[in-house]
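Residue-level listing of the chains:
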Amino acid sequence: MRELTQVRDAVISALQSAGLTALAAFPAERVKAYEGAAAAVAVGTAQGKALGLCNYLGEVRDGETGAVRELYGKQLEGVITVDIRGRRAAECEAGCETAAEALLGGLPAGIRPGELCWEALAWERETGMFLRRGRLQCRALFTAESREDGAEFLDFILKGVMTN
């Protein structure tokens, strides 16, 4: 599902913008290649829901061309998992603080954060590093517009994220 990938990538970008190394996933042996704390991000559980009538939200007018397009929307409710690893406990804790700030205040407008929970700091035997697991409950909103000819609509894009 492309929408889940968009949510994961938006969270990774927010963590990186906050100064934390963040990746989609990595084998346990690769984590040692990073200095300081590193975060592995994934979208855990997710459930979709239509907005409007069969995703239809109405019409929008393009400000430049004046063309009218149909607007569609959908919503995902899910849990984003963030695993912070560090060689030292202090690095792991600092990474956790940076991640908490980014997750609660630095995400795009289309991701609305809910409850953020962190497990206790633990030692991970397989990597030989400290680990702190976090879970963020959130709601993600996506919109799509029809093409100018109205025959089909474009892909759903996470609200508040710029596209090329």
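In what follows, the accompanying structure is described. Bear in mind that the values here come from a model prediction, so they are computed numbers and not experimental data. (Residues numbered from 1 in each chain as written. Predicted model: local features only at pLDDT ≥ 70, side-chain atom pairs only at ≥ 80, totals over all residues. Heavy atoms only, no water.)

Applying the stated rule across the entire model yields 9 salt bridges. Note that Glu77 and Arg139 form a salt bridge whose closest N and O atoms lie 3.9 Å from each other. Here Glu77 is found in strand S4 (residues 68-86), whereas its partner Arg139 is found in strand S7 (residues 129-145), with 62 residues between them in sequence. Its relative accessible area of 33% is what places Glu77 among the partly exposed residues. For Arg139, a relative accessible area of 36% translates into the label partly exposed. Note that Arg132 and Glu93 form a salt bridge whose closest N and O atoms lie 2.8 Å from each other. One end of the pair, Arg132, is in strand S7; the other, Glu93, is in helix H2 (residues 89-105), with 39 residues separating them in the sequence. When its relative accessible area of 16% is taken as the criterion, Arg132 is described as buried. Judged by its relative accessible area of 26%, Glu93 is partly exposed. (Salt bridge = Lys/Arg side-chain N within 4 Å of Asp/Glu carboxyl O. Helix = DSSP H or I, 4+ residues; strand = E, 2+ residues; numbered from the N terminus. Buried < 20%, exposed > 50% of the residue type's maximum accessible area, 1.4 Å probe, protein only.)

Sheet analysis places strand S3 (residues 56-61) next to S4, joined by 5 bridges and oriented antiparallel. In the strand pairing of S4, Gly58 is matched with Leu71. Where S3 folds back onto S4 in an antiparallel hairpin, the turn is made up of 6 residues, including Gly66, whose phi is positive at roughly 80°. (Pairing = 2+ DSSP bridges.)

Along the polypeptide, Ile84 turns up in strand S4. A residue is classified by how much of its surface remains accessible, and Ile84, at 0% relative accessible area, is buried. Note: C-alpha distance between Ile84 and Leu121 (37 residues apart in sequence) is 9.5 Å.

Let's shift gears to the side chain of Glu91. One can find Glu91 in helix H2. Not counting chain neighbours up to four residues away, the residues in contact with Glu91 comprise Gly36, Ala37 and Gly86. (Contact = heavy atoms within 4.5 Å.)

Before going further, it helps to spend a moment on helix H1 (residues 2-17). The first and last C-alpha atoms of H1 sit 22 Å apart over 16 residues, in line with the 22 Å expected at 1.5 Å per residue. If you check which residues of H1 are buried, you get Glu3, Gln6, Val7, Ala10, Val11, Ile12, Ala14 and Leu15. Within two residues after H1, Gly19 carries a phi angle of roughly 100°, on the positive side. (Expected span 1.5 Å × (residues − 1).)

Residues Val11, Leu15, Ile80, Val82, Ile84 and Ile111 are the most contacted members of the largest nonpolar core, which totals 29 residues. Only H1, strand S2 (38-50), S4, H2 and S7 provide two or more residues apiece to this core. Among the elements that line this core, the one with the most residues is H1, at 6 residues. With residues up to four places along the chain from it excluded, the contact list for Val11 reads Val41, Ile80, Leu103, Leu107 and Ile111. (Core = buried A, V, L, I, M, F, W, Y, C linked by side-chain atoms within 4.5 Å.)

So, about the environment of Trp118. Inspection of the secondary structure puts Trp118 in strand S5 (residues 111-118). Note on Trp118: relative accessible area 22%, which makes it partly exposed. Beyond its immediate chain neighbours, meaning those up to four positions away, Trp118 contacts Val82, Ile84, Cys96, Ala99, Ala100, Leu103, Arg132, Arg133 and Gly134.

Before going further, it helps to spend a moment on the pairing of S7. When S4 meets S7, the two strands line up antiparallel, connected through 16 bridges. Looking at the pairing, Val82 lines up with Gly134 of S7. In this structure, strand S6 (residues 122-124) lies alongside S7, joined through 3 bridges in antiparallel fashion. Bridging across to S7, Trp123 finds its partner in Phe130.

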